[in-house]
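Per-entry structural report
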Amino acid sequence: MQLIIILINVFRSLVASIINDIFASPSVRLVRRRLNKAQRQWSVTDVFFLCLIAAILNGTQAARASGGFDIPTGAGPSPLFGATPFSQKMLLLEEMNSLPMNKCSGCTSTLPQPSDTGSSPGSAALDAFLKGPIYPFPTEQANIVLPNPWQDLIETHTGPLSFTSIEGRPAGEFYAHQRWHEFLPERYIQTAQAGARINTGLRNKGQRHEWSKGEFAPGGLYHNTTGYAGFEGTTAGIEVRFHPKMPVQQPNSVWTFDGTFPPKLIMARYGEPILFRHYNALPIDEGANNGFGRHTITTHEHNGHNPAESDGFANAYFYPGQFYDYRWPMILAGHDTINTDKSDPRAGAPDGKGGIMRIRGDYRETMSTHWFHDHMHDFTAQNVYKGNIGMMNYYSALDRGNEGLDDGVNLRFPSGTALDWGNRDYDVNLLIADKAWDQNGQLFYNIFQTDGFLGDQVTVNGLLKPFFEVRARRYRFRILNGSISRYFKIALVTSAGQRVPFHMIANDGNVMEHAVRFPNAVLPLQGIAERYDIIVDFSQFQPGDKLYFVNVMEHKNGRGPNQEIPLEDILSGQYQGDPAVGKFLEFQVQAYDGTDLSMNPADFEPGKQKMIPLPTFTAEELNNATHRTFVFGRSNGTDDKPWTIKTDGGQGYGMDPRRLSAAPDKGGVEIWHLVNGGGGWDHPVHIHFEEGQILKRGGLPPPEWERWARKDVYRIGDLPDSLQSVDVVMRVREFNGSYVEHCHNATHEDMAMLLRWDSQNPGQVVAIPTPMPDWDGVSYVETNVTDIPTFKAGDLNAQADRVGLEEGNNGNNSLKGGEKK
């Protein structure tokens, strides 16, 4: 039988190769485009061939895998080209500076064309354009007056087009910026998604520290960006490569914001609306991608309280040559109903002069550590893995980024004091992701797998196992799991293997009510997209000491995490399994002669002071909440799209952007029951737009690091700190439109564990239509409201645990009270 299967797989490989060549040929591109626009359903033949393709690697992986490990997925070990661990300095993220919103009356320049359909614009031309003023000026509705500036070159690839537009946002009122005049953008950021290129220092002058303040000044730890001569106070000359001994990444291998390293960081203040203009400067030819990645993109700011048209809806993608204007209001949830007189100083933002700019809303909904990434329908995993990922820090009256300002509101997290807000001297973003590369050193991704893609090497801020210099004082680390399918569990140890306890202060970008100490020095399981902010005290160590972040969570394949490996087995070298288990970041302690003014997290442990209290819900709100049940599994899936979600007891469905699965009323309270469908799978479930509180995990009160937290990613699975179900309560407020809920194992998401939910006005009876983008504009089709008949009423059979709800459900009565202001 095994021989027959192998022979079948060989045949499948040949057929798949032929089919792939046919589908990639220029002669059928126009037909494919029209079929896609018509949302043609896959035929039996299509599905058969897709099954054949998927089976190629299933057979070869089983034969190749050693000890049951299939890492990297579908490939051999990544060559290191002589690179060794901890032999390069970690890059700090590069700020994507914002500029005041000023209209340029005489401007005419548009995104420069590339030289051919297989490349991005030239580096000098692209930099010159991005340095220029914003043009055309943003508008409430999409700008479809001006054509795509690349139209003539595009037509050499697609054939004649009757219409194009410069903006890819869907036209008309359905995707117009909500409450535009109320939240007019005050600052803007413009960037281009582009192929890998050398950093020319485009954003040098936009760094808030100006390379002259704090640790970024001459003599500071971070004034030199790479540790090599010539990089003092500049990012110019930094190439896109994982290690100095490894090959430079080709433009079709990696696509990043600006096309450059370091990865990017947005610094944003509450009360200051931002216009994020994202240009698509990727190749016109969809085949110019080194085997993976889609040249159409849509950008999700995870997890901003943003209107739907600026949330990065999976089917609101845009094409090369276009831009999309995302307007982020930067408001607190509860803006319309709580603290409407702006009387509470805790609801506010730094004013730049040591004071607070007060704003409306619920200060308990203050957020801190976000990220942004592609959300393209069916291609999120490929595009994010390829480089469409960055981080975003929210600054507020409570989380100011200035540890020295003691005004009774500012929590004084480790940061620095040189700037009024947003000091990054001791406040460090860490983007952690597993990667793999081929024998030529180019980034590799397996497009045929459906379980989840795993790399065999761990990168931090884009670099392979770097070191990072730290002062002997307290630091805040904002840790993002930016992988596609890999979970992490991170321990902190000394070079001698001694565990180093630390505190968690924020979960999924939300500062917690209490800091939680981890005496065993191991963080909880961290699923894809989860963010953990921790404080580490290096003052107990001497200059020259070294510490390490160690991943102790083993995978065998992309199905989900397998088991936690004993730390001692890893450090002793006894463990030989998953190559991504082990040390991945080295801290090198340096002397500190300053004064650490940051808060001591031990003063904010449970039973002591509070950081940001949790929002509350009245018993009436909980009793009258709309319940919805979502089961994540493989029910009714297909071989090419196996992952589905069952809503409110109905059948399983894969993603169709036209299908409406849930439609909460704006202003309502919702309780969502997230359930694992079984089969040994794990799913980190993300709900867009609103933060929630975990009522129960596996029918039990949540652990302490979730008990005091709000979240937007909810793990369900087999491991002890996930369990098979999560019950979440949340409010839906301020904005309407189409959002999504999905598994953030991005392979599962693309294959197609994703659903659409709409925030609607009370009494709304007609769903907004669904956008269908193409080269020649965005059309709309009617939304399907018949497949899920419970989309409005929810799961009437889901019975709330009334006793648990009345008692607060998470064990601290935080859900009881319903504070109103």
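Residues numbered from 1 in each chain as written. Predicted model: local features only at pLDDT ≥ 70, side-chain atom pairs only at ≥ 80, totals over all residues. Heavy atoms only, no water.

Let's shift gears to the overall build of the protein chain. A tally of helices and strands in the protein chain yields eleven helices and 38 strands. When each of the 821 residues of the protein chain is scored for burial, the buried share is 64%. A separation of at least 24 residues holds for 77% of the contacts in the protein chain among residues at least 6 apart in sequence. In the structure as shown, the protein chain presents an accessible area of about 27500 Å², 53% of it carried by carbon and sulfur atoms. (Helix = DSSP H or I, 4+ residues; strand = E, 2+ residues; numbered from the N terminus. Buried < 20%, exposed > 50% of the residue type's maximum accessible area, 1.4 Å probe, protein only. Contact = heavy atoms within 4.5 Å. Areas by Shrake-Rupley, 256 points an atom, 1.4 Å probe, with all protein chains shown as cover.)

In this section: the state of the cysteines. On inspection of all chains with the given rule, the structure shows one disulfide. Note on cysteine connectivity: Cys104 is disulfide-linked to Cys107, with sulfurs 1.8 Å apart. Here the S-S torsion is close to 80°, and the disulfide linking Cys104 with Cys107 is therefore right-handed. You can call Cys104 partly exposed: its relative accessible area is 24%. For Cys107, a relative accessible area of 16% translates into the label buried. (Disulfide = S-S within 2.5 Å.)

With that out of the way, let us pick up the pairing of strand E31 (residues 683-687). Across the five residues of E31, five count as buried, placing the element largely inside the fold. Looking at chain direction, E31 and strand E33 (residues 713-716) are connected through four bridges and run antiparallel. Paired with Pro684 across the strands is Arg715, a residue of E33. Of the pairings in the sheet, the one linking E31 to strand E35 (residues 737-743) comprises three bridges and is antiparallel in character. The partner of Val685 across the bridge, within E35, is Cys743. (Pairing = 2+ DSSP bridges.)

Now for the pairing of strand E27 (residues 644-647). Judged from the four bridges that link them, strand E26 (residues 626-633) and E27 form a sheet pairing that is antiparallel. Bridge pairing links Phe630 to Thr647 in E27. Pairing between E27 and strand E28 (residues 652-653): two bridges, direction antiparallel. The residue of E28 that forms the bridge with Lys646 is Gly652.

Turning to the nonpolar core, a few remarks are in order. Core analysis: the largest hydrophobic core is formed by 91 residues, its most contacted members being Phe468 and Phe477. Ranked by the residues each element gives to this core, the list is headed by strand E20 (residues 510-518), at five residues. Ignoring any residue separated from it by four or fewer positions in sequence, one finds Phe477 in contact with Val428, Leu430, Phe468, Val470, Tyr532, Asp533, Ile534, Val536, Phe538 and Phe587. Core analysis: the second largest hydrophobic core is formed by 36 residues, Ile238, Leu431, Leu463 and Leu464 among them. (Core = buried A, V, L, I, M, F, W, Y, C linked by side-chain atoms within 4.5 Å.)

As for its placement among the helices and strands, Leu202 is situated in the loop between strand E3 (187-195) and strand E4 (255-257). Looking at Leu202, the relative accessible area reads 18%, which means it is buried. The spacing of Leu202 and Ala236 is 34 residues in sequence and 7.7 Å in space, taken between C-alpha atoms. If we skip the residues at most four places from it in the chain, Leu202 touches Asp127, Leu130, Lys131 and Asp258.

Moving on, we get to the packing of aromatic side chains. Overall, the coordinates contain 46 aromatic pairs when judged by the stated rule. Measuring from ring centre to ring centre gives 5.6 Å for Tyr279 and Phe323, while their planes differ by 65°; the resulting arrangement is edge-to-face. Of this pair, Tyr279 sits in strand E6 (residues 274-280) while Phe323 sits in strand E8 (residues 323-328), and the two are 44 residues apart along the sequence. Take Tyr279: its relative accessible area is 2%, and that puts it in the buried class. The class for Phe323 is buried, based on a relative accessible area of 1%. Here the aromatic rings of Phe468 and Tyr475 are separated by 6.5 Å at their centres, their planes lie at 85°, and the arrangement is edge-to-face. The pair Phe468 / Tyr475 is uniform in exposure class, with both members buried. Taking NZ or CZ as reference, Arg559 lies 3.9 Å from the ring centre of Trp681, over its face. Geometry around Tyr548 places Lys583 over its ring, the cationic atom sitting 4.0 Å from the centre. (Phe/Tyr/Trp six-rings, centres within 6.5 Å; stacked < 30°, edge-to-face > 60°. Lys NZ or Arg CZ within 6 Å of the ring centre and 35° of its normal.)

It is worth spelling out the environment of Leu463 at this point. Tracing the backbone through its elements, the reader meets Leu463 in strand E15 (residues 463-464). Between the alpha carbons of Leu463 and Met90 there is a distance of 6.8 Å; along the sequence they are 373 residues apart. The contact partners of Leu463, leaving out residues within four places of it in the chain, are Gln88, Lys89, Met90, Leu91, Arg241, Phe242 and Val458.

In this model, the protein chain carries an average pLDDT of 91, and 89% of its residues clear a pLDDT of 70 or more. Counting interchain partners and residues more than four positions distant, the pLDDT-below-50 stretch residues 1-66 has 57 contacts. For the stretch residues 800-809, pLDDT sits under 50, and the model shows 20 contacts to residues farther than four places along the chain or on other chains. (pLDDT = per-residue confidence, 0-100.)

Glancing now at helix H5 (residues 151-158). Among the residues of H5, Leu153, Ile154, His157 and Thr158 are the ones counted as buried. Taken down its axis, H5 places every buried residue within 130° of arc, on the same side. Away from its buried face by more than 90 degrees, H5 exposes Asp152 and Thr156. Positive phi shows up at Gly159, right after H5, with a value of about 95°. (Arc of directions from axis to C-beta.)

Okay, empty space enclosed by the protein next. Enumeration over the complete set of coordinates arrives at twelve cavities of 30 Å³ or more. Every element with two or more residues in the lining of the largest cavity is listed here: E4, helix H6 (380-386) and strand E13 (427-435). Of the residues assigned to the lining of the largest cavity, the class counts are 13 nonpolar, eight polar and three charged. Volume-wise, the second largest cavity comes out at about 160 Å³. Taken together, 17 residues form the lining of the second largest cavity, with Leu92, Trp211, Phe216, Tyr222 and Thr225 sitting closest to its centre. (1 Å grid on protein atoms, 1.4 Å probe; cavity = no way out; pocket = protein on both sides within 12 Å on 5 of 7 lines; lining within 4 Å. Points joined across faces, edges and corners; volume = space filled by probe spheres on them. Nonpolar A, V, L, I, M, F, W, Y, C, P; charged D, E, K, R; others polar.)

This part covers the sheet that holds E33. Taken in spatial order, the five strands line up as E29-E36-E35-E31-E33 in an open sheet, and their pairing is mixed. Of all strands in the sheet, those with a lone pairing partner are strand E29 (660-662) and E33, marking the two edges. Going from strand to strand, the sheet's axes swing by 35° on average, the running direction of each strand aside. Relative to strand E36 (residues 754-759), E35 is paired through six bridges, and the arrangement is antiparallel. (Axes fitted to C-alpha atoms, helices over the stretch in contact; angles between N-to-C directions.)

On to the pattern of salt bridges, then. According to the stated counting rule, one finds 47 salt bridges in the structure shown. Of the charged contacts in the structure, one is a salt bridge between Lys711 and Asp508, with a shortest N-O distance of 3.0 Å. In this pair, Lys711 is assigned in the loop between helix H9 (704-707) and E33 and Asp508 in the loop between strand E19 (502-507) and E20, connecting sequence segments 203 residues apart. The class of Asp508 is buried, set by a relative accessible area of 0%. One connected set of salt bridges, linked through shared partners, spans Asp508, Glu530, Arg531, Arg697, Glu706, Lys711, Asp712 and Arg715. (Salt bridge = Lys/Arg side-chain N within 4 Å of Asp/Glu carboxyl O.)

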